Amino acid sequence: VGGMRIARSLSWQANQLYDVVICGGAAFGSCSALFLAQANPTLRILVVEHDPSYQRSATVLSAASYRTQFSTPENVKIGLFGAQFFQEARTRLLVDPQEPPDIGLHTGRGYLFLASKHHPRQADQLLRNHKVQVDSGASVQLMDAATLQAKFPWMNVDDVSLASIGTAHEGWIDAYSFLSAVRRKARSFSNVTYVQDRVAALAPGPDGAGALQGVVLAQRGLVPAGVVVNAAGTDCTRLAATAGVPLPVVRRKRCVFVVQARHVLPACPMLIDHTGVYLRPDGADNGRYVCGVAPPPDRDRDVPSDDFAVDAALFEDTVWPVLAERIPLLAELRVRTSWAGHYAFNTLDHNLILGFSPRVPNLLLANGCSGHGLMQSPAVGRAVAELILAGGFQTLDLSAFSPLRFEQQQHHQH
């Protein structure tokens, strides 16, 4: 049914300007444009991005790490493809042989999740996740406190009951370099056009129902389209609402701190403390680290689109004390820089929303990644291309992320 529906919408208006209009040119939008153009070089693709500098893009303001340690098979497999894509970026994203892209890839140091002795459920969760991860093809290792101490002598493990570390397919990249390389590769296809504009609204069909006729841009007005992809990041809910499509996605703020320590922590991974505080090296082993934590639930509110104020108290009251306890060598730190970025936070289940809207047959939703957008963007871009061109998933079955899941929940609530 999906393929038929999409095929109809693609030929719905014979004189249309674009086959696909992608709203948002960051990680999801640019990866979608790239996979579409590679699969079908005749498809007319427009990417609309209101801020080509990406200064406030969630992609660029993230901690830019990637992992396979998730609790569902789909997320693990998405992570595996993301890792493969990042590792192959120099060839996959090559435009000029004289200038192979450098995305600042650091691989071979995975995420290290710690479970607390005082919260037995955390270890149970790590054990359950481990089985899912191994069954899905991830390379992960469980460690008790003694093994952990031997591997990372600089770490205080007194309160740790169990740890899980990714031994391959995890690491971090430079988000801006990655986004620039994807965008450059997408733009190297003659059928892909990027414009700087804001999607003011989605444009309903002539009868006000059914398929969209396109999008309304703030500067250019109506642009007809066969399929519209909502990859608008934290603006996705506002945009979808203009077509009567509700999304359970809100804008949440996350603060990132870059600190300078007096000591280098040998082989430091992406550490996820059982308190939620995280730390990873900033690039090479130079004593500089990226760290942060989500605010406590009572302070984790929806924020307006212009609120990029850094919550310095979060570092002083939460991050630093946890790090100093976990890693005594970090008792002396200074903050070199800090910033705030926004998450497109899915309040329903913190997972991706991916698929055609049940309400609008040619509106494809790729939203609400809740902080995993950068690492999931290669798989999402590939899936968007498959849904549009083949009418269904071809490589990874990501139907678990269908927007039907919250439409059904809303139906039950009413």
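### Quick notes on the overall build of the protein chain
- Tallying secondary structure elements over the protein chain gives 11 helices and 19 strands in all.
- Radius of gyration (C-alpha) of the protein chain: 22 Å, near the 22 Å computed for a compact globule of 414 residues.
- Along the three orthogonal principal directions, the C-alpha set of the protein chain runs to about 65 × 55 × 40 Å.
- In the protein chain, which comprises 414 residues, the proportion classed as buried is 54%.
- Within the protein chain, counting contacts between residues at least 6 apart in sequence, those at least 24 apart form 74% of the total.
- Counting only carbon and sulfur atoms, one obtains 52% of the accessible surface of the protein chain, whose full area is about 17,400 Å².

### What about helix α10 (residues 373–390)?
- With 18 residues, α10 should reach 26 Å at 1.5 Å per residue; the first-to-last C-alpha distance of 23 Å fits that figure.
- Where α10 bends most, at Ala379, the angle is about 35°.
- With respect to burial, α10 is a largely interior element, 16 of its 18 residues being buried.
- Where α10 ends, the next residue or the one after it, Gly391, has phi of about 80°, a positive value.

### With respect to the pattern of salt bridges
- As enumerated under the stated definition, the model contains 15 salt bridges in all.
- The salt bridge involving Asp19 is made with Arg44; its shortest N-O contact spans 3.3 Å. Placement of Asp19 in strand β1 (residues 18–23) and of Arg44 in the loop between α2 (27–39) and β2 (45–49) is noted, with a sequence separation of 25 residues between them.
- Residue Asp302 is joined to Arg252 by a salt bridge in which the shortest nitrogen-to-oxygen separation is 2.9 Å. A residue pair is termed long-range when its members are at least 10 positions apart, and Asp302 in the loop between β16 (288–292) and α9 (312–326) and Arg252 in strand β13 (residues 249–261) qualify at 50 residues.
- A relative accessible area of 13% places Arg252 in the buried class.

### Remarks on the confidence of the model for the protein chain
- A residue-level look at the protein chain finds 94% of positions with pLDDT of 70 or above and a mean pLDDT of 92.
- Scored below 50 in pLDDT, residues 1–15 shows 25 contacts in the model against residues more than four places distant or in partner chains.

### Quick notes on the packing of aromatic side chains
- Taken as a whole, this structure holds 10 aromatic pairs when the rule is applied.
- Between Phe35 and Phe85 the ring centres are 5.9 Å apart and the planes differ by 40°, which places this aromatic pair in the tilted class. With Phe35 in helix α2 and Phe85 in helix α3 (residues 73–87), the pair connects residues that are 50 residues apart, well separated along the chain. Like Phe85, Phe35 is buried.
- Chaining the aromatic ring pairs together yields one cluster made of Phe35, Tyr66, Phe81, Phe85, Phe86 and Phe178.
- The aromatic ring of Phe70 is capped on one face by Arg67, whose charged end is 4.0 Å from the ring centroid.
- The ring of Phe81 has Arg382 lying over it, and the distance from NZ or CZ to the ring centre is 3.7 Å.

### Remarks on the packing of α2 against α10
- Contact pair α2 / α10: the axes reach a minimum separation of 7 Å and the direction vectors enclose 40°. Considered as vectors, α2 and α10 are oriented oblique to each other. Crossing geometry of α2 relative to α10 is assigned as right-handed. Judged by residue contacts, Ala27, Phe28, Cys31, Ser32, Phe35, Leu36 and Ala39 of α2 engage Gly373, Leu374, Gln376, Ser377, Pro378, Val380, Gly381, Arg382, Val384, Ala385, Ile388 and Leu389 from α10.
- Here the residues of the contact of α2 with α10 are counted per class, giving 13 nonpolar, 5 polar and 1 charged.

### So, the sheet that holds strand β4 (residues 106–107)
- Pairing in this open sheet of 3 strands is antiparallel, and the strands run β3-β8-β4 from one edge to the other. Either end of the sheet is taken by a strand with one partner, and the two such strands are β3 (65–66) and β4.
- Here β4 pairs with strand β8 (residues 171–172) via 2 bridges, running antiparallel. Note that in β8 the partner of Thr107 across the bridge is Gly171.

### Structural notes on the pairing of strand β18 (residues 353–356)
- Across 4 bridges, the pairing between β18 and strand β19 (residues 363–367) is antiparallel. Residue pairing for β19: Phe356 is matched across the bridge by Leu364.
- Hairpin connection, β18 to β19: the antiparallel pair is bridged by 6 residues.

### Details of helix α7 (residues 175–187)
- Counted at 1.5 Å a residue, the expected span for α7 with its 13 residues is 18 Å, and the 18 Å between its end C-alpha atoms agrees.
- For α7, the set of buried residues is Ala175, Phe178, Leu179, Ala181, Val182, Arg183, Lys185 and Ala186.
- If you follow the buried residues of α7, they end up packed against α2, α3, α4 (89–92), β9 (192–196) and α10.

Rules and cut-offs
- Residues numbered from 1 in each chain as written.
- Predicted model: local features only at pLDDT ≥ 70, side-chain atom pairs only at ≥ 80, totals over all residues.
- Heavy atoms only, no water.
- Helix = DSSP H or I, 4+ residues; strand = E, 2+ residues; numbered from the N terminus.
- Rg over C-alpha atoms; globule rule 2.2 N^0.38 Å.
- Buried < 20%, exposed > 50% of the residue type's maximum accessible area, 1.4 Å probe, protein only.
- Contact = heavy atoms within 4.5 Å.
- Areas by Shrake-Rupley, 256 points an atom, 1.4 Å probe, with all protein chains shown as cover.
- Expected span 1.5 Å × (residues − 1).
- Bend = angle between axes of the 7 residues up to and from the residue.
- Salt bridge = Lys/Arg side-chain N within 4 Å of Asp/Glu carboxyl O.
- pLDDT = per-residue confidence, 0-100.
- Phe/Tyr/Trp six-rings, centres within 6.5 Å; stacked < 30°, edge-to-face > 60°.
- Lys NZ or Arg CZ within 6 Å of the ring centre and 35° of its normal.
- Axes fitted to C-alpha atoms, helices over the stretch in contact; angles between N-to-C directions.
- Parallel < 35°, antiparallel > 145°, perpendicular 65-115°, else oblique.
- Left-handed = near helix turned anticlockwise from the far one by under 90°.
- Nonpolar A, V, L, I, M, F, W, Y, C, P; charged D, E, K, R; others polar.
- Pairing = 2+ DSSP bridges.

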